[in-house]
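Analysis of the macromolecular model
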Amino acid sequence: MQDMKSLGRGGILLRGLMTGTAILALAACENGLDLDMRGNLGGFSTTEAARTATANRPRPDDRGIISYPSYQVVVARRNDTVQDVANRIGVGAADLAAYNGLKVTDPLRGGEVLALPGRVAEPSPATGAIGTGPIVPADQVDISSIAGAAIDRAGDQRVEVTELPPAQRPQTGEEPVRHKVQRGETAYTISRLYNVSVRSLADWNGLDQNFTIREGQFLLIPVAEEEPPVREVAETTEPGQGSPTPVPPSAAAPLPEERTEPVAAAAPAASTTAAAATPQPTPKPQPSAAPNLGQQQTASSSAAMAYPVNGRIIREYQRGSSDGINIAADPGTAIRAADGGTVAAITSDADNKKVIVVRHQGKLLTIYSNVDNIVVKEGTTVARGQKLAEIRAGASPYLHFEVRKGLEAVDPMDFLQ
């Protein structure tokens, strides 16, 4: 037992027949098998780190490229050398090898990850990827591309905008931390540092069965798996709790005497007696009135969003034809934020007309196009009703306004009424 205590203090004293196998068996029996073989020895355990759920590594394209906004990596194939990978992705083999602490002729394991010293062409359907561009968080998609496609030719009265086709949509996901291995580090110490399991670390980086790593190697730290939404559970009561159980009738306690009193009938008024004698036809329901597009629009204080401009709606939302509404107003009329949020992008459409994109809570975006005299900048936090720009002068002065949930355009009137 003295030997085991000395292990807890960091000394390694093996006496008698106490072997490494016996230590592993003892740790497994007492605390559950810990791949780090440090389960509660010295008061330290990696059990909790091993329990952290992580997502699967994203699938690379046909070249092996996984792309993120800050960096790119390439996944090697079986029997690859560094030279083979460099030839396949079109980079210098010497640069690729030096950047990863390798030699050009070094063999690689299937699934092993190499960091790229510079960026190569982005993944796309042409290279076997499911989308175009780097993998970005869902709430930080390429706003400029979405805005440009959404309001293409917004100055034309015949505004026709559609959703981005699947091939043009960016892949979404969290960018993992990229860790450069320092001298003395092991896969176990790195997994504990980031609170992930060593097995997940190995799966994401193509490590061998011994979890071997090298100084200067770049490792992707697995991303935590998204937790499913919490479902609200209705309150339940134990049997016999709640409303009292009614007492059934019995011979010992007869039912109470039932007393009823007739209700006096009201005498019909003289003016309605004749009408009551003659059956009247049932009135037909009247159809709801069609919206008046020329009417001045104002939003109630309880609406999810405020109208971005005081004007007349001259074009309604129509999925596949117009992904927003057009509101006509005099040139110079103030355009205001429909709700509080952050200015995510200020860009231009195909006709060089300015476009503003504001990001709101709940993964909502609002798009304001055909604007002029912009008074905000990208990254500015704006409040509901704060001025963003003005209606631009021209033959057809109006605002084209859209609301999007992620990439999908929705009817703005659902938020304005």
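See the structure shown above.
These numbers were taken from a predicted model, which means no experiment stands behind them.

To continue, consider the overall build of the protein. The secondary structure content of the protein amounts to ten helices and 15 strands. Taking all 417 residues of the protein together, the buried fraction comes to 38%. When contacts within the protein are restricted to residue pairs at least 6 apart in sequence, long-range pairs at least 24 apart make up 63% of them.

We now examine helix α4 (residues 82-89). Taken residue by residue, α4 has Val82, Val85, Ala86 and Ile89 as its buried positions. Taken around the axis of α4, the buried residues stretch over an arc of 100 degrees, which confines them to a single face. Contact partners of the buried residues in α4: β1 (65-67), β2 (72-75), α5 (93-99) and β3 (113-115). Just downstream of α4 lies Gly90, where phi reads positive at about 80 degrees.

Counting residues in hydrophobic clusters, the biggest one holds 29 residues, and the most contacted among them are Ile325, Ile356, Tyr368, Leu388, Leu399 and Phe401. Of all elements in the fold, only β7 (325-328), β10 (354-360), β11 (364-372), β13 (387-391), β14 (398-405) and α10 (413-416) reach the threshold of two or more residues within this core. Sequence-distant contacts of Ile325, defined by excluding residues within four places in its chain, comprise Ile313, Arg315, Glu316, Tyr317, Leu399, His400, Phe401, Pro412, Met413 and Leu416. Counting 15 residues, the second-largest nonpolar core is a separate cluster that includes Val85, Ala86, Ala93 and Leu96.

What follows concerns empty space enclosed by the protein. According to the stated counting rule, one finds two cavities of 30 Å³ or more in the structure shown. Taken together, Arg59, Pro60, Asp61, Ile65, Ile66, Ser67, Pro123, Ala129, Gly133, Ile135 and Gln171 make up the lining of the second largest cavity. Classifying every residue of the lining of the second largest cavity gives six nonpolar, three polar and two charged.

Turning next to unusual backbone geometry. Although it is not a glycine, Asn79 adopts a positive phi angle of roughly 70 degrees. For Asn79, the position within the fold is in the loop between β2 and α4. In this model, Lys363 sits at a positive phi of 60 degrees, which is unusual for a non-glycine residue. You can see Lys363 is positioned in the loop between β10 and β11.

Counting through the fold element by element, Gly118 comes out in the loop between β3 and α6 (143-150). Measuring from C-alpha to C-alpha, the distance between Gly118 and Val91 comes to 8.6 Å, with 27 residues separating the pair along the chain.

Attention now moves to helix α7 (residues 187-194). Buried within α7 are the following residues: Ala187, Ile190 and Ser191. Summarising the axial view, the buried residues of α7 lie within an arc of 100 degrees, below the 170-degree limit, and thus occupy one face. Immediately downstream of α7, the backbone of Asn195 shows phi near 60 degrees, a positive value.

Before going further, it helps to spend a moment on the pattern of salt bridges. Taken as a whole, this structure holds nine salt bridges when the rule is applied. With a shortest N-O distance of 3.3 Å, Glu215 and Arg183 are connected by a salt bridge. In this pair, Glu215 sits in the loop between α8 (198-205) and β5 (218-220) while Arg183 sits in the loop between β4 (178-180) and α7, placing the two residues 32 residues apart along the sequence. Residues Lys387 and Glu390 are paired through a salt bridge, measuring 2.8 Å at the closest nitrogen-oxygen approach. The class of Glu390 is buried, set by a relative accessible area of 18%. One salt-bridge network, in which partners are shared between bridges, spans Arg109, Glu112 and Arg214.

Another aspect to go through is the pairing of strand β9 (residues 341-348). Residues in a regular strand project their side chains so that they alternate between the two faces of the sheet. With two bridges joining them, β9 and strand β12 (residues 381-382) adopt antiparallel strand pairing. For Thr342, the partnering residue across the bridge sits in β12 and is Thr381. In terms of strand pairing, β9 meets β10 through six bridges, oriented antiparallel. Within the sheet, the bridge partner assigned to Thr342 lies in β10 and is Arg359.

Attention now moves to the packing of aromatic side chains. All told, the structure shown has four aromatic pairs when counted by the stated rule. Judged by centre distance (5.5 Å) and plane angle (50 degrees), the ring pair of Tyr68 and Tyr71 falls under tilted. Take Tyr68 and Tyr71: they sit in the same class, and that class is buried. The interplanar angle of 80 degrees and the centroid separation of 5.8 Å between the aromatic rings of Tyr188 and Phe211 together place this pair among those described as edge-to-face. Within this pair, whereas Tyr188 is found in helix α7, its partner Phe211 is found in the loop between α8 and β5, the two being separated by 23 residues in sequence. It is Arg178 that lies over the ring of Phe218; its NZ or CZ is 4.7 Å from the centre.

The rules behind the values
- Residues numbered from 1 in each chain as written.
- Predicted model: local features only at pLDDT ≥ 70, side-chain atom pairs only at ≥ 80, totals over all residues.
- Heavy atoms only, no water.
- Helix = DSSP H or I, 4+ residues; strand = E, 2+ residues; numbered from the N terminus.
- Buried < 20%, exposed > 50% of the residue type's maximum accessible area, 1.4 Å probe, protein only.
- Contact = heavy atoms within 4.5 Å.
- Arc of directions from axis to C-beta.
- Core = buried A, V, L, I, M, F, W, Y, C linked by side-chain atoms within 4.5 Å.
- 1 Å grid on protein atoms, 1.4 Å probe; cavity = no way out; pocket = protein on both sides within 12 Å on 5 of 7 lines; lining within 4 Å.
- Points joined across faces, edges and corners; volume = space filled by probe spheres on them.
- Nonpolar A, V, L, I, M, F, W, Y, C, P; charged D, E, K, R; others polar.
- Salt bridge = Lys/Arg side-chain N within 4 Å of Asp/Glu carboxyl O.
- Pairing = 2+ DSSP bridges.
- Phe/Tyr/Trp six-rings, centres within 6.5 Å; stacked < 30°, edge-to-face > 60°.
- Lys NZ or Arg CZ within 6 Å of the ring centre and 35° of its normal.

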